[in-house]
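# Remarks on the overall topology
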Amino acid sequence: MSSSPWRNPASAPSRVRALLAAFAAMTAVTADPLAAQSYGRLSEETRAYVAVQGPAVALEHVRVIDGTGGPVLEDQTVLLRDGRIAAVGPSSSTAIPEGAERHDLGGHTVIPGMVGMHDHLFYTAVGGRRVQLGYSAPRLYLGSGVTTVRTTGSITPYADVHLKDAIDRGDAPGPRIHITAPYITGSMGAPHQARVTSPEQARRFVEYWAEEGATWVKAYTSIGSAELEAAIEEAHRLGLRVTGHLCSVSFQEAVALGIDNLEHGMLTASDFVPEKEPDRCPGNIMQRAGGSDPAGPVAQRTIEAMVEAGVGLTATLSVYEAFFPGRDVVDERTLELMTPDLREAYLDERGRIQEMGPDPDNFQNELRFEKAFVDAGGLLASGVDPTGNGGALPGFGNQRNFELLLEAGLTPVQAVQVVSANGAKILGVDDELGTVEAGKLADIIVLNGDPASDPSAIRAVRWVFKDGVGYDSRALIQATRGLVGIR
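Residues numbered from 1 in each chain as written. Predicted model: local features only at pLDDT ≥ 70, side-chain atom pairs only at ≥ 80, totals over all residues. Heavy atoms only, no water.

## What to know about the layout of surface pockets
We apply this condition: Cavities and pockets were defined on a 1 Å grid built from protein atoms only: a cavity is a group of points that admits a 1.4 Å probe but offers it no way out, a pocket is an open group of points flanked by protein on both sides within 12 Å along at least five of seven lines, and a lining residue is one with an atom within 4 Å of any such point. Grid points are joined across faces, edges and corners, and a volume is the space filled by probe spheres set on the points. Only DSSP runs of H or I reaching four residues or more are called helices, and only runs of E reaching two or more are called strands; each is numbered from the N terminus. Ten residue types, Ala, Val, Leu, Ile, Met, Phe, Trp, Tyr, Cys and Pro, are classed as nonpolar, four, Asp, Glu, Lys and Arg, as charged, and the remainder, Gly among them, as polar.
Taken as a whole, the second largest pocket holds about 590 Å³ of empty space. Around the second largest pocket, the lining is made up of 32 residues, and of these Tyr-220, His-245, Asp-385, Thr-387 and Gly-388 lie nearest the centre. Every element with two or more residues in the lining of the second largest pocket is listed here: strand 8 (122–125), helix 8 (285–290) and helix 10 (317–321). For the lining of the second largest pocket, the per-class residue count stands at 15 nonpolar, 14 polar and three charged.

## Structural notes on the side chain of Thr-302
Note the threshold: Each residue's exposure class comes from its accessible area (1.4 Å probe, protein chains only) as a fraction of the maximum for that residue type: buried when under 20%, exposed when over 50%, partly exposed otherwise. What qualifies as a polar contact is a pair of N or O atoms within 3.5 Å, subject to a donor-acceptor requirement within protein and to the restriction that residues adjacent in sequence count only when both atoms come from side chains. Note on definitions: a residue-residue contact is assigned when non-hydrogen atoms from the two residues lie within 4.5 Å.
Tracing the sequence through the fold places Thr-302 in helix 9 (residues 297–309). Given the relative accessible area of 1%, Thr-302 is considered buried. A polar side-chain atom of Thr-302 sits 3.1 Å from a polar atom in the side chain of Gln-252. Contacts of Thr-302, omitting those with residues within four sequence positions, involve Phe-251, Gln-252 and Asp-271.

## Quick look at the nonpolar core
Threshold: Within this scheme, the nonpolar core is defined by two criteria: the residues are buried Ala, Val, Leu, Ile, Met, Phe, Trp, Tyr or Cys, and they are joined through side-chain atoms within 4.5 Å.
Counting residues in hydrophobic clusters, the biggest one holds 109 residues, and the most contacted among them are Tyr-123, Ile-184, Leu-228 and Leu-262. With residues up to four places along the chain from it excluded, the contact list for Leu-228 reads Ala-219, Ile-223, Val-242, Leu-246, Val-249, Ala-254 and Leu-257.

## Quick look at the packing of aromatic side chains
Keep this limit in mind: Put simply, two rings from Phe, Tyr or Trp (the six-membered ring, in Trp's case) pair if the centres are within 6.5 Å, and we call them stacked under 30 degrees between planes, edge-to-face over 60, tilted for the rest. Only when the NZ of Lys or the CZ of Arg is both within 6 Å of the ring centre and within 35 degrees of the ring normal is a charge said to sit over the ring.
Tallied over the full model, the rule gives six aromatic pairs. Taken together, a centroid distance of 5.3 Å and an interplanar angle of 40° make the contact between Tyr-158 and Trp-209 tilted. You can see Tyr-158 sitting in helix 4 (residues 157–169) and its partner Trp-209 sitting in helix 5 (residues 199–211), a full 51 residues away along the chain. Taking 6.1 Å as the distance between ring centres and 80° as the angle between the ring planes, the aromatic pair formed by Phe-272 and Phe-369 counts as edge-to-face. Of the two residues, Phe-272 sits in the loop between strand 16 (261–263) and helix 8 while Phe-369 sits in helix 13 (residues 360–375), which places them 97 residues apart along the sequence. Under the relative-accessibility criterion, Phe-369 is labelled buried at 0%. The ring of Tyr-135 has Arg-139 sitting right over it, with the charged end atom 3.8 Å from the ring centre. Sitting over the ring of Trp-463, Arg-462 keeps its end group 4.4 Å from the ring centre.

## Focus on the confidence of the model for the protein chain
What counts here: Known as pLDDT, the predictor's per-residue confidence is scaled from 0 to 100.
Chain-level pLDDT for the protein chain is 92 on average; 93% of the residues reach the 70-or-more range. pLDDT under 50 marks residues 1–31. Its contacts with residues more than four places away, or in other chains, come to 20 contacts.

## Topic: the environment of Ala-442
Position of Ala-442 relative to the elements: it lies in the loop between helix 16 (421–427) and strand 19 (444–448). For Ala-442, a relative accessible area of 0% translates into the label buried. With 10 residues separating them in the primary sequence, Ala-442 and Ala-452 have C-alpha atoms 22 Å apart.

## Considerations on the state of the cysteines
The line we're drawing: Any two cysteine sulfur atoms lying within 2.5 Å of each other are counted as a disulfide.
What the rule picks out here adds up to one disulfide. One disulfide bridge connects Cys-247 with Cys-281, the sulfur atoms lying 1.9 Å from each other. The chirality of the disulfide connecting Cys-247 with Cys-281 is right-handed, given an S-S dihedral of about 80°. Here Cys-247 is found in the loop between strand 15 (241–244) and helix 7 (251–257), whereas its partner Cys-281 is found in the loop between strand 16 and helix 8, with 34 residues between them in sequence. Residue classification places Cys-281 among the partly exposed positions, given a relative accessible area of 37%.

Structure, rendered in structure tokens:
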């Protein structure tokens, strides 16, 4: 890590400390992912995607699935005012203020804005392609109804930080962004990952990224238990939280160390490999863990440990689905947005997977594990993780997760909770967003259809409201046509 004589503000001269304090105060305001953002604060570039300006908007005669776990509400009016939800109630009795912009939306459904808990701002695909999607990703997320993301690992962390700042200022369209530090792993890490081999290194890493604005740390596959424990302790001391895509450390071991969140599910849980050695990642983990019993004693002990400690799980079903045969993952919307060479490579890869992909029962086991986690009282959230072979795109993969959660056996009401409110709870922002309730920030999705009876309606996004400003879903998505894989 680079150092400077003023790395610790307390060591700077008093005049400089005052300037640093003033700058910190300014950035604390502008960088707040929950800061209200009215239409008047938006740049001309961002305004080009706005369909409904406000400041007072009445969405009348809508169906509401509010994310609280309560029943589906019919013929409701959702009133938005000054960036917040002012009222939700029956259309026959909800008062609409004079001058409000009124929209009769019979046949439409309002749900909370999705909270993507594993939503990178980079993308990987077939053939080793890896690209930062600083243009495409924020438009795809917001256009698909994802109003908040946690980056959960980065290949170019300062690009993420600068994009967040641009969105917070209104200079660029996109979701609220919670920054996760670069991957922290052990000696087997990739070039874009921080390799730590001592607890002291782990603590220095966390301290540095806390100062740079990260609010989460992501531990990766080969990290050792001593280093993970040190990272967790330092993160908690500084007010950060830790999640992990783990292997050398099992889920149960990580829970005992105090981790806050775990990623992916049983397909990465080395708990399911009986001969696993301490601090060593067993090979072929996806196949070996996925072939285990999702209702057996190992699964039960793992789920019980997580639920008892309040450790949430992030489902990333859409990225895994594209690796398995017999799955309907050739989404025409996705192919349209890809560059021509990427589209061809992806279709070729899918052809090979259809012929000799992994056991499809392993994917079904992941679905069963996540259903068991929810049934046991676990806090399940979701994210797309737009990596792998390129089949899971930002935003589209978040929508697909909703459909896959229904396939797993969750009800539509539960699935809406998973993709919205539960993520807000893990992030610690559920008092401000994640549900369609009066007083919350006006981050909501207007769907043309009923996802409770037709799961594909989750893709029929008409408008996405963020801070009460309604964005045109189609315009945001079409702006990325042919650019996914480039920018």
